[in-house]
Amino acid sequence: MGVIIKEVGKALPRRVVHNTELEKLIDTNNEWIMERTGIEERRVAEEEKALDLAAAAAREALGDTDYDTIDLLIVATVTPDMLVPSMGALLKKELKLANAVAFDINTACSGFLYGLWMAEALMKNGAAEGSHTNHIGRALVVGVERLSRIVDWTDRGTSILFGDGAGAALLEMDDKKDGILSSFMKNYDDEGDVLTCGMEYLKNPFAKDEDVKQCLRMHGTKVFKFAVNAVGEVMDEALKRAGLTPDDIDHYIPHQANMRIITSAAQRFKQPLEKFQVSINGTGNVSAASVPMAMHDCYRSGKIKEGDLVMLVGFGGGLSAGALIYRA
Ligand SMILES: CC(C)(COP(=O)(O)OP(=O)(O)OC[C@H]1O[C@@H](n2cnc3c(N)ncnc32)[C@H](O)[C@@H]1OP(=O)(O)O)[C@@H](O)C(=O)NCCC(=O)NCCS
């Protein structure tokens, strides 16, 4: 018995912002961005709320599934529309998922990986003999971001990298298939505050809080080094736990943060780059939505066949990282 990934979904805002448009806002150019990141354009929400994107991606993943059979909904995001209710609660209401337990998680760009890891554990726990917790036959894990709301559009070190979008995966218990074979999540302390976004709360007459600007701050080269090392570590560990070698994996679907990070993972594990899903050029880094969006691209292009071994890899703020291997 295993937890399988049954379907995926993806949604993007309509507005495309090409690198050449950024040239008009900041001191940058298309060639530099393409060469250093692999990003050519990204989507930016003009009218779409995060909820609209999440709902569209979730509906695609759900297809004609009976919505009443969804027992769990986990939304990974750092840019929810509201603090209360959570995106999970908003999405549950929007989709009319009568029986879903819904909540959010924030582990930045690793969020979707942590969501899958948690969903699998909760599903297996609920199914175990003598279990005293919720039975979960089907779960929906969604990654959604409107990072354009927390990007400083005057900062050329960050504004070129990020975009908006949503991705979703429908998980199901299956008594004949393996599904998820292994996973490994790890948190690393962000000692140098290399990737942060503050919270801009209201002033109150009693507290002595300093003013905080709610925008992404990043030390690019330090994050780059962290990412390369963390990706190697979590991939290694997930492979070890599944008893597999890099050659056994048919498709690698990494977080889409920088093409050079993807290339370095391929080199480290001596794998052809063709095995790695690359979606970054059209969307940039969409944090928790990047991995499910890239999964969607990999499925819809017909690359993933039943029985193939797939590895998902995430890394990001926290600092955090995770890898998960499943049989399609
Ligand atoms: C941000 C990033 C693309 C910068 O690339 P880099 O190769 O590290 O570039 P550097 O920051 O060293 O800057 C190199 C030069 O380009 C300049 N530069 C920086 N941003 C620029 C831009 N948008 N356009 C043009 N030039 C730029 C710098 O000022 C620097 O100039 P200098 O050599 O005259 O000082 C890269 O560090 C990166 O992708 N880091 C990881 C980010 C990430 O993954 N974040 C999310 C994690 S989930």
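Residues numbered from 1 in each chain as written. Predicted model: local features only at pLDDT ≥ 70, side-chain atom pairs only at ≥ 80, totals over all residues. Heavy atoms only, no water.

### Describing the site of the ligand
- Every one of the 23 residues lining the ligand counts as a neighbour, but Thr28, Arg36, Arg156, Gly220 and Asn258 are closest to it.
- For the ligand, an oxygen atom lies 3.1 Å from a polar atom in the side chain of Arg260.
- Starting from 950 Å² of accessible surface for the ligand in isolation, the protein chains cover 72%.
- When residues in the shell around the ligand are grouped by element, the largest group, 4 residues, is from helix H6 (residues 220–242).
- Counting contributing residues per domain, the shell around the ligand is built from domain 1 (2–177) and domain 2 (181–327), each supplying no fewer than three. (Near = heavy atom within 4 Å. Polar contact = N/O pair within 3.5 Å; in protein donor to acceptor, adjacent residues only side chain to side chain. Areas by Shrake-Rupley, 256 points an atom, 1.4 Å probe, with all protein chains shown as cover. Helix = DSSP H or I, 4+ residues; strand = E, 2+ residues; numbered from the N terminus. Domains from an automatic or database assignment.)

### So, a nonpolar patch on the surface
- A grouping of Leu83, Val84, Met199 and Tyr201 is seen on the molecular surface, where their side chains present a nonpolar patch of about 480 Å² in accessible area.
- Within the secondary structure layout, Met199 lies in the loop between strand S9 (195–197) and strand S10 (216–218).
- Under the relative-accessibility criterion, Met199 is labelled partly exposed at 39%. (Patch = residues over 30% accessible without salt bridge, like charges linked within 9 Å, V, L, I, M, F, W, Y side chains within 5 Å. Salt bridge = Lys/Arg side-chain N within 4 Å of Asp/Glu carboxyl O. Buried < 20%, exposed > 50% of the residue type's maximum accessible area, 1.4 Å probe, protein only.)

### Examining the domain arrangement of the protein chain
- For the protein chain, the domain assignment lists domain 1 (2–177) and domain 2 (181–327).
- Here the C-alpha centroids of domain 1 and domain 2 sit 14 Å apart.
- Taken together, the contacts link 50 residues of domain 1 with 49 residues of domain 2.
- When the buried area of domain 1 at its contact with domain 2 is split by residue, Cys109, Leu113 and Ile150 rank highest and sum to 18% of it. (Contact = heavy atoms within 4.5 Å. Buried area = accessible area lost by both parts, 1.4 Å probe.)

### A word on the sheet that holds strand S8 (residues 180–187)
- Across the sheet, which stays open at both edges, the 4 strands sit in the order S8-S13-S12-S11 with mixed pairing between neighbours. Sheet topology places S8 and strand S11 (251–254) at the edges, where each strand pairs with a single neighbour. Across the sheet, the axes of successive neighbouring strands diverge by a mean angle of 10°, strand direction being ignored.
- Relative to strand S13 (residues 320–327), S8 runs antiparallel, the two sharing 7 bridges. Note that in S13 the partner of Asn187 across the bridge is Ser320.
- Where helix H9 (residues 290–300) meets the sheet, its contacts fall on S11, strand S12 (309–316) and S13, and the angle it forms with S11 comes to roughly 150°. (Pairing = 2+ DSSP bridges. Axes fitted to C-alpha atoms, helices over the stretch in contact; angles between N-to-C directions.)

### Details of unusual backbone geometry
- Cis geometry is found at the peptide bond from Val84 to Pro85, where omega equals -5°.
- Locating Pro85 in the fold gives a position in the loop between strand S4 (72–76) and helix H4 (87–95).
- Here the amide bond leading from Gly318 into Leu319 is cis, since omega sits at -5°, within 30 degrees of zero.
- Note on placement: Leu319 falls in the loop between S12 and S13.
- Phi at Lys96 is positive, roughly 60°, even though this residue is not glycine.
- As for its position among the elements, Lys96 is in the loop between H4 and strand S5 (101–105).
- Although it is not a glycine, Ser287 adopts a positive phi angle of roughly 45°.
- Examined against the element boundaries, Ser287 turns out to sit in the loop between helix H8 (280–283) and H9.
- Looking at Ser287, the relative accessible area reads 3%, which means it is buried.

### A look at the sheet that holds strand S6 (residues 138–146)
- Pairing in this open sheet of 5 strands is mixed, and the strands run S1-S7-S6-S4-S5 from one edge to the other. Among the strands making up the open sheet, the edge pair consists of strand S1 (2–11) and S5. Adjacent strand axes in the sheet meet at a mean angle of 20°, parallel and antiparallel pairs treated alike.
- Against the sheet, helix H5 (residues 111–127) contacts S1, S4, S5, S6 and strand S7 (164–174), and its axis sits at roughly 165° relative to S6.
- Sitting on the sheet, H9 is in contact with S1, S6 and S7, with an inclination near 95° to S1.

### Some details on helix H7 (residues 259–268)
- Those residues of H7 not exposed but buried are Ile261, Ile262, Ala265 and Ala266. Considered in projection along H7, the buried side chains sweep an arc of 140° and stay on one side of the axis.
- If you follow the buried residues of H7, they end up packed against H6, S11 and S12.
- Near the N-terminus of H7, the side chain that reaches the backbone nitrogen of Arg260, with its oxygen 2.7 Å away, is that of Asn258.
- Looking one or two residues beyond H7, the residue adopting positive phi is Lys270, at roughly 50°. (Arc of directions from axis to C-beta.)

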